[in-house]
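Structural overview for review
Here are the chains, one letter per residue:
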Amino acid sequence: MAGIGMYGVFYAKATVQNGIVTGYTGGTKMMGKAISAGFEPNTPDDNPLYANNGVGENDSSGASGGTLNLTLDRLTLEAAAELYGLQVVETQVMVGGEPVKGQGLRYTGMEQSAPVGVAFIRMNQEDGVRKHEVVLYRRATFSMPAESAQTMGESIEWKTPEISGSVMGMEGDGTTPWYETMVFPTQAAAIAYVECVFGILAEKLNAVVGQGAAGYAQVEAAV
């Protein structure tokens, strides 16, 4: 399938116990409108064992975790607060004798980034038919993005936020997927899947955690 588009960057706050994601809270939300996404996996180097003047064995472990880079039209205040461990604060000023309210974020240096599940929908085309592929990372932690501004000139040069997150790879015994893709015929179905996985995990994964692949299959079947 050839990629031709991208929709939405969804996230949900992850609950982590004993180093393992056990569910999500707060529902599925959007960080902002999607512009681009790129993922660099942590791929192990070849580790051959030479015997009889040749390769007798080789460590063929799969990739686990990596770095996720996202470009958005904007990062919402709520998303930034939840990603970076902040609180949205309200303020008020007087302008011409009238109160004007504002809101924003205040960084103190004591913040701790929170783990989140992240997903977006990649639009593909195959044999003239468009399909919608959910790309989902079960656990990621984002760092504060670089910022810039520029004066307006004869034409507008768009400034869009770029955020980078560390994606956690294999957890526990490795029977629960850290990354998954699912293809659907419609965008609505793909969105529903994202909402179900994050929502169902929040409600049901605690009941099956510890059962490994069998427990995850119960959640997937419920979707």
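Residues numbered from 1 in each chain as written. Predicted model: local features only at pLDDT ≥ 70, side-chain atom pairs only at ≥ 80, totals over all residues. Heavy atoms only, no water.

- The chain appears in an unreviewed UniProt entry as Phage tail protein from Candidatus Intestinimonas merdavium.

**Some thoughts on helix α1 (residues 77-84)**
- A large share of α1 lies buried, amounting to 6 of its 8 residues.
- Here α1 has its buried residues at A79, A80, A81, E82, L83 and Y84.
- On its buried side, α1 packs onto β1 (2-17), β2 (20-32), β9 (116-126), β10 (129-143) and β11 (162-167).
- Positive backbone phi, at 70°, marks G85, one or two positions downstream of α1. (Buried < 20%, exposed > 50% of the residue type's maximum accessible area, 1.4 Å probe, protein only. Helix = DSSP H or I, 4+ residues; strand = E, 2+ residues; numbered from the N terminus. Contact = heavy atoms within 4.5 Å.)

**Regarding the pairing of strand β7 (residues 89-95)**
- Where β7 and strand β8 (residues 98-104) come together, 7 bridges link them in antiparallel fashion. Note that in β8 the partner of V95 across the bridge is E98.
- The antiparallel pairing of β7 with β8 creates a hairpin that spans 2 residues between the two strands, and G96 there sits at a positive phi of about 60°. (Pairing = 2+ DSSP bridges.)

**Side note on the packing of aromatic side chains**
- Within this structure, the stated rule accounts for 8 aromatic pairs.
- Taken together, a centroid distance of 4.8 Å and an interplanar angle of 55° make the contact between Y24 and F198 tilted. On the criterion of sequence distance, the pair formed by Y24 in strand β2 and F198 in helix α2 (residues 187-208) is long-range, its members being 174 residues apart.
- Take F198: its relative accessible area is 2%, and that puts it in the buried class.
- Taken together, a centroid distance of 5.4 Å and an interplanar angle of 45° make the contact between F184 and Y193 tilted.
- Residue classification places F184 among the partly exposed residues on the basis of a relative accessible area of 21%.
- The exposure class assigned to Y193 is buried, which follows from its relative accessible area of 6%.
- The structure contains a cluster of three or more aromatic residues connected by ring pairs, namely F39, Y137, W178 and Y179. (Phe/Tyr/Trp six-rings, centres within 6.5 Å; stacked < 30°, edge-to-face > 60°.)

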